Amino acid sequence: NKSLVIYKITKIFYVVLSAITIGGICFSYFINYFIKNVYGEIYLGLNYIVPFLLIAMIFNATYMVFGNLAAISKKPQITTYAFVFGLVINLIGNFIFVPEYGIYAVVITTVISYLFISMAMCIFLYKNIEEFSLKPLIFTYISSLIILYV
């Protein structure tokens, strides 16, 4: 039953996303200790980019989980369209901003491209699979805002 598969995949998505969000919040409290002991004190100034990378990971999880849903629904081209859309955004953003802003531009363009990949994936699924809801996309945005502001 297609509805049951979509329900189970969405349930798994919520569990994974909740784990990433909670893990990200816990990890952010120990990031300075972790960076100092693993990479050395020279990298302590980069601790502020970790929440953005965690947000990118959340958007990537959205793409990965719902990419499976697209494949199961016999519409694997949806994942390709979403990925190419994000790839173009990432390439253009890096080309324009990396020369001036360096690592900051890489992190921000990565987050933005993953945002657009997950958004495109959810919208494509919503338009092509009747049983699919946009609630996971909203949950993704809420989780990313929680990580950013906590």
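A few words on the pattern of salt bridges. Within the structure shown, the criterion is met by one salt bridge. The closest approach of N and O atoms between lysine 36 and glutamate 41, which form a salt bridge, is 3.9 Å. Accessibility expressed as a relative area gives 56% for glutamate 41, which makes it exposed.

Right, let's talk about the packing of helix α3 (residues 50–72) against helix α6 (residues 135–149) for a bit. In the contact formed by α3 and α6, the axes pass within 9 Å of each other and the chain directions differ by 165 degrees. Taken together, the axes of α3 and α6 are roughly antiparallel relative to one another. The hand of the α3/α6 crossing is right-handed. Here α3 contributes Pro51, Phe52, Leu54, Ile55, Ile58, Phe59, Thr62 and Phe66 to the contact with α6, which in turn contributes Pro136, Thr140, Tyr141, Ser143, Ser144, Ile147 and Leu148. Partitioned by chemical class, the residues of the contact of α3 with α6 number 11 nonpolar, four polar and no charged.

The next point concerns the packing of aromatic side chains. Centre-to-centre distance and the angle between the planes together describe a pair of aromatic rings. Counted by the stated rule, this structure contains 10 aromatic pairs. On the numbers, 5.3 Å between centres and 70 degrees between planes, the contact of phenylalanine 27 with phenylalanine 34 is edge-to-face. Its relative accessible area of 33% is what places phenylalanine 34 among the partly exposed residues. Seen from their ring centres, tyrosine 81 and phenylalanine 124 are 6.1 Å apart, and the 70 degrees between their planes marks the pair as edge-to-face. With tyrosine 81 in helix α4 (residues 77–101) and phenylalanine 124 in helix α5 (residues 103–128), the pair connects residues that are 43 residues apart, well separated along the chain. Three or more aromatic residues joined by ring pairs make a cluster, and in this case those are Phe27, Phe34, Tyr39 and Tyr43.

Note that serine 118 resides in helix α5. The class of serine 118 is buried, set by a relative accessible area of 0%. Polar contacts involving the side chain of serine 118 include one to the main-chain carbonyl oxygen of leucine 115, which spans 3.0 Å. Apart from the residues within four sequence positions on either side, serine 118 is in contact with Phe59, Thr62 and Leu137.

A few words on the packing of helix α1 (residues 2–29) against α3. Orientation of α1 relative to α3, taken along the N-to-C sense of each, is 170 degrees, at an axis distance of 10 Å. Comparing the axis directions of α1 and α3 gives the class roughly antiparallel. Contact with α1, carried on its side by Val5, Ile6, Ile9, Thr10, Phe13, Leu17, Ile20, Thr21, Gly24 and Phe27, involves Val50, Leu54, Met57, Ile58, Ala61, Thr62, Val65, Phe66, Leu69 and Ile72 of α3 and no other residues of that element. Here the residues of the contact of α1 with α3 sort into 16 nonpolar, four polar and no charged.

Here α1 contains 28 residues, and its C-alpha end-to-end distance of 41 Å stays within 8% of the 40 Å for a straight helix at 1.5 Å per residue. The set of residues buried in α1 consists of Ile6, Ile9, Thr10, Phe13, Leu17, Ile20, Thr21, Gly24 and Ile25.

Along the polypeptide, threonine 79 turns up in helix α4. At 2.6 Å, the side chain of threonine 79 and the backbone oxygen of proline 76 are in polar contact. Setting aside anything within four residues of it in sequence, one finds threonine 79 in contact with Tyr63, Gly67, Ala70 and Met121.

Parameters and conventions
- Along each chain, residues carry numbers from 1 onward, in the same order as the chain's sequence is written.
- Residue-level local features of this predicted model are given only where pLDDT is at least 70; pairs of side-chain atoms are given and counted only at 80 or more, and the full residue set underlies all totals for whole chains, interfaces and linings.
- To get the side-chain values, all heavy atoms of the structure are used, and hydrogens and water are removed first.
- One side-chain nitrogen of Lys or Arg within 4 Å of one carboxyl oxygen of Asp or Glu is enough to make a salt bridge.
- Categorising residues by exposure relies on relative accessible area from a 1.4 Å probe, with only protein chains included: less than 20% of the type maximum marks a residue as buried, more than 50% marks it as exposed, and the intermediate range marks it as partly exposed.
- Orientation is described by lines fitted to C-alpha atoms, with helices fitted over the stretch in contact, and by angles between N-to-C directions that extend from 0 to 180 degrees.
- The numbering of helices and of strands both runs from the N terminus, where a helix is a DSSP run of H or I of at least 4 residues and a strand a run of E of at least 2.
- Throughout, the term roughly parallel applies to angles under 35 degrees, roughly antiparallel to angles over 145, roughly perpendicular to angles from 65 to 115, and oblique to all others.
- In a left-handed crossing the near helix is turned counterclockwise from the far helix by less than a right angle, and in a right-handed crossing that turn is clockwise.
- Any two residues whose heavy atoms approach within 4.5 Å at even a single point are treated as in contact.
- Polar here means any residue other than Ala, Val, Leu, Ile, Met, Phe, Trp, Tyr, Cys and Pro, which are nonpolar, and Asp, Glu, Lys and Arg, which are charged; Gly is therefore polar.
- Two rings belonging to Phe, Tyr or Trp (six-membered ring only in the last case) form a pair when the distance between their centres is within 6.5 Å. Interplanar angles under 30 degrees mark stacking, angles over 60 mark edge-to-face geometry, and anything in between is tilted.
- For this analysis, a polar contact is any N or O atom pair within 3.5 Å, provided that within protein one partner can donate a hydrogen and the other can accept it, and provided that sequence-adjacent residues contribute only side-chain to side-chain pairs.
- To estimate the expected span of a helix, count its residues, drop one, and scale the result by 1.5 Å.

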